[in-house]
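Chain and residue survey
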Amino acid sequence: MIGLISATAAGAVARDRLAAAWPDRTRVYDGPVGDAVRRAFAECEQLVCFLATGAVVRLVAPLLADKASDPGVVCVDEAGRFAVSLVGGHGGGANELALSVGELLGARPVVTTATDAVGIPGLDTLGLPVEGDVAGVTRALLDGEPVALDAEVAWPLPPVPFAERGAHTVRLTDRAVEPGAREVLLRPPSLVVGVGASRGAPADEVLALVEGVLREAGLSARSVAELATVDAKAEEPGIVEAARRLGVPVVTYSAEELAGVEVPNPSDAPLAAVGTPSVAEAAALIGGGELLVPKRKSAGVPATATCAVVRRPGRGRLAVVGLGPGARDLLTPRAKAELERASVLVGLDQYVDQIRDLLRPGTRILESGLGAEEERARTAVEEARRGQAVALIGSGDAGVYAMASPALAEASDDIDVVGVPGVTAALAAGAILGAPLGHDHVSISLSDLHTPWEVIERRVRAAAEADIVVTFYNPRSRGRDWQLPKALSILAGHREPTTPVGVVRNASRPDGTARLTTLEELDPAWVDMMTVVTVGNTATRNIAGRMVTPRGYRWQGNSPQEDPKEGAR
């Protein structure tokens, strides 16, 4: 919950805007400001104070205890100009809250945390439990001193400027070890504990078994991701309570699923009880991984619980990111976030140059030239399979004549794949031309490098006969100068010479050009590989210098009124 406190009418206006926007996340605290701050500080995870920073400092200073437990505090001036992350930037989430409040209120977020200022993620913001000399190792990173990464477990991390060797170390491990001097331990959730239990098994016995097995194996309980068991034990109180104390979820599988998992120690007892020869080992192994601890029984007489421990490799992450048509303001916020998140960037060299300034320090860049699309796709997938967080970039939308298709043809279900849409060249060109795509439309690439011309020609003829607006991608290059005239001649057999045609080069970029011509007057020499050509259908018109294709519904007639069922799109 976010507590909202204000002292004046002006502050209350901004406070109420925030409360209206986030009704389920916020609580307004009225009354004397000092009392309101004290109550909110005790009851909320975060505070937004619409007060002067000096006043907020004096009010919260006596309440501060520890940065790991204190709420995050954001201060907004009464004019609504700034949203200042004051306390708990990382641990309390104040930095992110300042950004969100600033976006909502139109205020400028002010974040002074050193790592955020230079684009290096804080070691305590990576989403993993952290131990050791966080301040000292972070300071070394900020000072440009070499900090080594010792990754005992492969796990996707955001970009951090690690070195091969250094006096400071970040150790990624699920082992039960203590951090050394000038060392930080990151605990990945790499351990799955499979658990079986008799009906009524005490929680203390289940928990003692799990903790004892981990301790004997030299494994950290902070790296346990889940307790896994059979569906029939989903509500078993001892398992549920043990998971609650460990702070992990209970994940269940059907007996049929578990019976299909090959295990070293099957047994007739669970087969008779729940329909599978193994619960603990099978539930731990079902997602793959290395069996670190085979089935062990609890110390009770008789034993009422079993457990097994598996280390699952970190799943790599591949984000296929569309950069849009080139203009920075048409690059989506989601695309920017994925670029900042990726520890490995794969892309065409000229596209990498477009967004190089957005990458965080430590991002490894794998760039190549034209013609290496399949190689880039394979490289991106291979890096993800190594447990990396990868961004594979393409222009426009990565799924439209770009990198998503070859990448997903290479990828299997052993990595996570995220698609990030982008503004396509057809859409960017259409917005410049007017509304040429107002009704049914199709995009066709005229490049016959991967598609036989016979197939392309058949598709062009189908679009011509169906009277569909056509956008041509890859229309003409130095080595392919006859395909566009051929495609236009096919369309000319079904459309008037005066049919509007839009020719847009480098849509949205500073050197972009656009012209509206006709099917008869179009000169192919105007066109190259940086151009998209949009040919209207028989209803497309040039209206006040804009290319417009009517929506053409039967109800429309001559009225501009929208269909109440469809609405404006």
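Here is a short report on the structure shown in this document. (Residues numbered from 1 in each chain as written. Predicted model: local features only at pLDDT ≥ 70, side-chain atom pairs only at ≥ 80, totals over all residues. Heavy atoms only, no water.)

Strands sit in the order S22-S23-S26-S24-S25 across an open sheet of five strands; the sheet is mixed. Two strands in the sheet have a free side with no partner beyond their single neighbour: strand S22 (441-445) and strand S25 (513-518). Averaged over neighbouring strand pairs, the angle between their axes works out to 20° when direction is ignored. Here six bridges tie strand S24 (residues 500-505) to S25, and the two strands are oriented antiparallel to one another. Counted as the bridge partner of Gly502 is Leu516 from S25. Set on the sheet, helix H16 (residues 425-433) makes contact with S22, strand S23 (469-473), S24, S25 and strand S26 (531-535); between it and S24 the angle comes to about 115°. Packed on one face of the sheet, helix H18 (residues 483-492) meets S23 and S26 and runs near 175° to S23. (Pairing = 2+ DSSP bridges. Helix = DSSP H or I, 4+ residues; strand = E, 2+ residues; numbered from the N terminus. Axes fitted to C-alpha atoms, helices over the stretch in contact; angles between N-to-C directions. Contact = heavy atoms within 4.5 Å.)

The sheet built from four strands is open, its strands ordered S7-S10-S9-S8 with mixed pairing. Of all strands in the sheet, those bounded by a partner on one side alone are strand S7 (130-132) and strand S8 (147-151). Strand-to-strand twist of the sheet, defined as the mean angle between neighbouring strand axes without regard to direction, takes the value 20°. Pairing of S8 with strand S9 (residues 168-172) involves five bridges; the strand directions are parallel. Within the sheet, the bridge partner assigned to Ala151 lies in S9 and is Leu172. Of the strands in this sheet, S7, S8, S9 and strand S10 (183-186) touch helix H6 (residues 134-142), which is tilted by about 115° from S9.

This paragraph deals with the layout of surface pockets. Unfilled space is identified by rolling a water-sized probe across the atoms. Quantified by volume, the largest pocket comes out at close to 1,500 Å³. Taken together, 44 residues form the lining of the largest pocket, with Tyr351, Glu373, Tyr401, Asn474 and Met529 sitting closest to its centre. When residues of the lining of the largest pocket are traced back to their parent elements, those giving at least two are helix H13 (349-355), helix H14 (373-385), strand S19 (389-394), helix H15 (404-410), S22, helix H17 (453-465) and S26. Grouping the amino acids of the lining of the largest pocket by side-chain chemistry returns 20 nonpolar, 17 polar and seven charged. Forming the boundary of the second largest pocket are 37 residues, of which Glu96, Pro121, Thr125, Glu340 and Arg360 lie nearest the centre. (1 Å grid on protein atoms, 1.4 Å probe; cavity = no way out; pocket = protein on both sides within 12 Å on 5 of 7 lines; lining within 4 Å. Points joined across faces, edges and corners; volume = space filled by probe spheres on them. Nonpolar A, V, L, I, M, F, W, Y, C, P; charged D, E, K, R; others polar.)

Scope: geometric values only; no functional claims are made or implied.
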